[in-house]
Amino acid sequence: MPHAEKTAITPTREQDFPEWYQQIVRVAELAEPRDVRGCMVIRPWGFGIWENMQRQLDAMFRATGHRNAYFPLFIPLSHMQKEAEHVEGFAKECAVVTHHRLELGADGKMRPAPAAELSEPLVIRPTSETIIGATYAKWVQSYRDLPVLINQWCNVVRWEMRPRLFLRTTEFLWQEGHTVHETEAEAREETRRMLDVYETFVRDRLAIPVFSGEKSESERFPGAVQTLSIEAMVQDRKAIQAGTSHFLGQNFSRASGIQFQTRDGKQEFGWTTSWGMSTRLVGTLVMTHGDDDGLVLPPRIAPTHVVIIPITPKEESRAAVLEMCTKLAAQLRRGSYGDGPIEVEIDQRDLGGGVKSWEWIKKGVPLRVEIGPRDLESGKVAVSRRDQPVKAKEVFATEGFVDRASEILNSIQRNLFQRAMQFRDTNTRVIDTREEFYDFFTPKNASKPEIHGGFALAYWNGSRAIEDEIKADLKVTIRCIPLADPAHPSEPGKCIFTGEP
RNA sequence: CGGGCUGUGGCUCAGCUUGGUAGAGCGCUGCGUUCGGGACGCAGAGGCCGUGGGUUCAAAUCCCACCAGCCCGACCA
């Protein structure tokens, strides 16, 4: 076998992590770049993952009392200007529509018609706080109208300077929840509740462990009073923000005029929140679980759980093998996994068995089942788990496999989570001194830095100066200040940089 | 938006220095032999050489601009 010990993906993660990531996205048929800088086509396999994320998150939003709605793509420029910090934060990355018609120019090329210039430019939403705020201002009159608990699934555009597929694209898909509450306490509680929803979702469905915490002032959402985030560690030991939840105080209600009459007859501004998760999660998933043979999908999020690969060496046994595959698929589909049936696909394409297997390995499907003529006679199937080495196979009696399929899927799910958790923990350190901190974040090989560092848990005095300093020196950012964990109450400590409490 | 590298068939790339009408491997199509872990033989198809301009008798090759991709930086879900 000429390729026997080769990995399916070159380079490996160790050799070149960013390039490895690009390769996975391409060979697993998740997405590809298209025409406009930073824009991508999300292919069926990648979109299937996103659809599962949507479906599962949506159910969680409903369960916490939220309902979906849809707000316009175009935001009048004047709306954006209402919240000063907000507009400042987004101004540099806004796509702006200025014309509503094309015409043929003198050079024979189409161009925006000068006569059709809009009297007010329209901003394509980079996020919808402002337009939703303007709407809520009309809807909310009395404390009886509160809370408003609405979510929308949509696309947004942020003109990013350095796009990467899924992780940072010019146009991306997300959900944005926007709520209004009667009291500050209630809004803060909502902010925290939705962060917990995110943490639960990412942990239980995507098998990704995260730290939850509060963002420092410099990393806060423009216009927010408080930004909470969940931070995952991917396999180059870097952090990735997987979801955010913002307590907006009364900043946006002041800007948009969301006012209501209180129980004692006074006028008060509403307390608002917003929270979002995006297609970046697909990239996070790839970088958390993928290996040097391709994508590895946690079963709870995989578009297909089991792929059946018919092995048909001889023409005369072909029909019988296919029949067996169909039968097994039907049996498996009657079983349930997660919140639906087991999703099964039979790969009947006229290709060699090895080629088909490798394609599914690269796509990360949790279970591959091979059925050939010999299995027909013995009543057995050969099963490979994506979380095990690619050549490992376990032979099951057909009935036994059907009975145990969802259990095996659970075991893969658990294993992936534990693996990710272990990786994160080995690369997370409590750090007590400045020297240790600098040492931790400095690569050994300066000319060709190896994968180094990780998460440091350290005390910090909260000053912006220190934050800027370590960012300048080490390119290290303060990801979040962990929320108090009731099980492990944090003890007061001294700032490792200044010695202040 | 700054700095660097790159753009040649679906993919990876050679050809460019020294201008002369386009190549390889993989993939794809057909036929045959194969098929229980990336098969082999034979025969084929497929290219405005990123786009536009310039220099030249002649441009993939030289010059300019633009577009796109990747990496680093600032910014970010």
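Residues numbered from 1 in each chain as written. Chains lettered and ligands numbered in written order. Predicted model: local features only at pLDDT ≥ 70, side-chain atom pairs only at ≥ 80, totals over all residues. Heavy atoms only, no water.

A. View of the nonpolar core. If you look at the biggest cluster of nonpolar residues, it comprises 51 residues, and the most contacted ones within it are Leu30, Ile49, Met53, Phe201, Val202, Leu206 and Leu295. Sorting the residues of this core by element identifies helix H1 (17-27), helix H2 (44-63), helix H6 (184-204), strand E12 (226-233), strand E13 (239-249), strand E16 (271-278), helix H8 (280-289) and strand E17 (306-310) as the ones contributing at least two each. The leading source of residues in this core is H2, at 7 residues. Mapping this core onto the domain boundaries places at least three of its residues in each of domain 1 (17-289) and domain 2 (306-424). Not counting the four nearest positions on each side in its chain, methionine 53 is found in contact with Phe201, Leu206, Leu281, Val282, Leu285 and Ile301. If you look at the next biggest cluster of nonpolar residues, it comprises 27 residues, including Ala207, Val296, Tyr337 and Phe396. (Core = buried A, V, L, I, M, F, W, Y, C linked by side-chain atoms within 4.5 Å. Buried < 20%, exposed > 50% of the residue type's maximum accessible area, 1.4 Å probe, protein only. Helix = DSSP H or I, 4+ residues; strand = E, 2+ residues; numbered from the N terminus. Domains from an automatic or database assignment. Contact = heavy atoms within 4.5 Å.)

B. Representation of the sheet that holds strand E20 (residues 344-346). Ordered by their spatial adjacency, 5 strands build an open sheet running E20-E17-E21-E22-E23, and the pairing between neighbours is mixed. At either end of the open sheet lies a strand with only one pairing partner, and these are E20 and strand E23 (394-397). Across the sheet, the mean angle separating the axes of adjacent strands is 30° when strand polarity is ignored. Direction of pairing for strand E21 (residues 367-371) relative to strand E22 (residues 380-385): antiparallel, over a ladder of 4 bridges. When the bridges of E22 are listed, arginine 368 appears paired with serine 384. Sheet strands touched by helix H9 (residues 315-334): E17, E20, E21 and E22. Its angle to E17, the strand with the most contacts, is close to 170°. (Pairing = 2+ DSSP bridges. Axes fitted to C-alpha atoms, helices over the stretch in contact; angles between N-to-C directions.)

C. Geometry of the pairing of strand E9 (residues 148-157). Judged by how many residues are buried, E9 sits mostly within the fold: 8 of 10 residues are covered. Strand direction decides the pairing type here: strand E3 (residues 67-68) and E9, joined by 2 bridges, are parallel. Bridged to arginine 67 within E9 is isoleucine 150.

D. Focus on the pattern of salt bridges. Scanning all chains against the criterion turns up 26 salt bridges. We note a salt bridge from glutamate 370 to lysine 393, for which the minimum N-O separation is 3.1 Å. Linking glutamate 370 in strand E21 with lysine 393 in the loop between E22 and E23, this pair joins segments that are 23 residues apart in sequence. Under the relative-accessibility criterion, glutamate 370 is labelled buried at 17%. (Salt bridge = Lys/Arg side-chain N within 4 Å of Asp/Glu carboxyl O.)

E. Representation of the domain arrangement of chain A within the structure. Structurally, chain A comprises domain 1 (17-289), domain 2 (306-424) and domain 3 (428-482). Each of domain 2 and domain 3 has a C-alpha centre, and the two are 44 Å apart.

F. Expanded view of the side chain of histidine 66. Inspection of the secondary structure assignment puts histidine 66 in the loop between H2 and E3. A polar side-chain atom of histidine 66 sits 3.0 Å from a polar atom in the side chain of threonine 64. Among the polar contacts listed, one links the side chain of histidine 66 to the side chain of glutamate 190, at a separation of 2.7 Å. Ignoring any residue separated from it by four or fewer positions in sequence, one finds histidine 66 in contact with Phe61, Leu149, Ile150, Thr179, Glu190, Met194 and Trp275. (Polar contact = N/O pair within 3.5 Å; in protein donor to acceptor, adjacent residues only side chain to side chain.)

G. Main features of helix H14 (residues 464-474). Those residues of H14 that sit buried are Ile466, Glu467, Ile470 and Leu474. What you see down the axis of H14 is that its buried residues fit within an arc of 100°, all on one side. Among the exposed residues of H14, those pointing more than 90 degrees away from its buried face are Ala465 and Ala472. Considering only its buried residues, H14 is in contact with helix H13 (434-440). (Arc of directions from axis to C-beta.)

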